[in-house]
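In case you want the letters, here they are:
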Amino acid sequence: MTHAKGADAEMDATTKVTKKDGASRATSRARSVAFVGLSVALVAISAWVVVPIGPVPFTMQMFAITLVVCILPPSQAIAVIFAYVALGAIGVPVFSGMRGGIGVLMGPTGGFLLGYLAAVPLAAGLLWLVRKKISDKPAVFACQVAAGLLFTVVAYVTGCVQYTFVAGVSMEAAFLTSVAPFVIPDIVKVVLAALCAQPVNRALGRS
């Protein structure tokens, strides 16, 4: 009889632990979905801040996406950028100038957006690997800046190549039009994003 009661007590304890683990996983999934949703909204809003200085508009996207890369785990950062591009592709006005549609992706500046799909996984993945090995705050900050610059360079390459073919200009002309005017402002945005990521990561317990 005593053995049976002990077994029942052990089963009840196991059940409680299982329920607690299930609730914890559900809460974690809900937090992940919330972070991804808020980040997609942040990237979209950053694209609406437009300063038209030529064929390629000046936006705050490099800041927002670098911030996402610095704050979120790679899986969530990748989900954010794929969701963002997918929403724009189906016509939701989340691209610069509140535009949307596959035509934007296939247009002269679409290469930057498509480049995000490769740049974010690369930058987020490398940052995650490096952060597993370092904890020094200045080193972490430097790695975040490096990840943001890597993301930016990949986007520049894909954007410049597509601009060359779609606009029918030389690579040099494409670089001077679609990349050169943005280099310094984008470096500033990357550094600012890495700075802003520090207090956010501390608040989230990820510092």
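What counts, and where the lines are drawn
- Along each chain, residue indices are assigned from 1 in the same order as the chain's sequence is written.
- Where totals are concerned, whole chains, interfaces and linings use all residues; where local detail is concerned, this predicted model gives features only for residues with pLDDT of at least 70, and gives and counts side-chain atom pairs only at 80 or more.
- Where side-chain values are given, they derive from all heavy atoms of the structure, hydrogens and water being excluded.
- A run of H or I in DSSP counts as a helix once it spans at least four residues, and a run of E counts as a strand once it spans at least two, with each numbered from the N terminus.
- Here, residues are in contact when the closest pair of their heavy atoms is within 4.5 Å.
- Stacked, edge-to-face and tilted labels apply to pairs of Phe, Tyr and Trp rings (six-membered ring for Trp) whose centres lie within 6.5 Å, assigned for plane angles under 30 degrees, over 60, and everything in between, in that order.
- Accessibility here uses a 1.4 Å probe with only protein chains present; expressed as a share of the type maximum, an area under 20% marks a residue as buried, one over 50% as exposed, and anything in between as partly exposed.
- Grid points spaced at 1 Å and placed over the protein atoms alone form the basis of the search, with a cavity being a set where a 1.4 Å probe fits but cannot get out and a pocket an open set showing protein on both sides within 12 Å along at least five of seven lines. Lining residues have an atom within 4 Å of a point.
- Grid points are joined across faces, edges and corners, and a volume is the space filled by probe spheres set on the points.
- Residues were grouped as follows: Ala, Val, Leu, Ile, Met, Phe, Trp, Tyr, Cys and Pro as nonpolar; Asp, Glu, Lys and Arg as charged; and all remaining residues, including Gly, as polar.
- Note on patches: the residues involved have over 30% relative accessible area and no salt bridge, like charges join within 9 Å, and the nonpolar side chains Val, Leu, Ile, Met, Phe, Trp and Tyr join within 5 Å.
- Working definition of accessibility: Shrake-Rupley area with a 1.4 Å probe, residue cover restricted to the visible protein chains.
- By salt bridge we mean one thing: a side-chain nitrogen of Lys or Arg within 4 Å of a carboxyl oxygen of Asp or Glu.

A. Quick look at the overall build of the protein chain. Across its full length, the protein chain carries eight helices and zero strands. What you see in the protein chain, going N to C, is helices and strands ordered as α-α-α-α-α-α-α-α. Restricting to contacts in the protein chain with at least 6 residues of sequence separation, those with at least 24 account for 68%.

B. Spatial organisation of the packing of aromatic side chains. Counted according to the given criterion, the structure contains two aromatic pairs. Centre to centre, the rings of tyrosine 84 and phenylalanine 95 are 5.6 Å apart; their planes meet at 75°, and the pair counts as edge-to-face. One end of the pair, tyrosine 84, is in helix H3 (residues 74–89); the other, phenylalanine 95, is in the loop between H3 and helix H4 (102–106), and eleven residues separate them in sequence. Each member of the pair tyrosine 84 and phenylalanine 95 is classed as buried. Between tyrosine 116 and phenylalanine 151, the aromatic rings sit 5.4 Å apart at their centres with planes inclined by 40°, giving tilted as the arrangement. Of this pair, tyrosine 116 sits in helix H5 (residues 110–131) while phenylalanine 151 sits in helix H6 (residues 137–167), placing them 35 residues apart in sequence.

C. Seen up close, empty space enclosed by the protein. This structure, assessed with the given rule, holds one cavity of 30 Å³ or more. Taken as a whole, the largest cavity spans an internal volume of roughly 270 Å³. Taken together, 18 residues form the lining of the largest cavity, with Val56, Pro57, Thr59, Gln61 and Tyr116 sitting closest to its centre. A per-element tally of the lining of the largest cavity places H5 first, with three residues. Class assignment for the residues of the lining of the largest cavity results in ten nonpolar, five polar and three charged.

D. Looking closely at the environment of cysteine 70. Here cysteine 70 lies in helix H2 (residues 61–71). A relative accessible area of 3% means that cysteine 70 is categorised as buried. Those residues in contact with cysteine 70, other than ones at most four positions away along the chain, are Leu127, Arg131, Gln144, Ala194, Ala197 and Asn201.

E. Seen up close, a nonpolar patch on the surface. A cluster of nonpolar side chains, namely Val153, Val157, Val161, Phe165, Val166 and Met171, defines an oily patch on the protein surface of about 550 Å² accessible area. Among the elements that line the nonpolar patch, the one with the most residues is H6, at five residues. Relative to the helices and strands, phenylalanine 165 is located in helix H6.

F. Representation of the pattern of salt bridges within the structure. Enumeration over the complete set of coordinates arrives at one salt bridge. The residue aspartate 186 makes a salt bridge to lysine 189 at a minimum N-O spacing of 2.8 Å. Of this pair, aspartate 186 and lysine 189 both sit in helix H8 (residues 183–203), separated by three residues, roughly a single helical turn.

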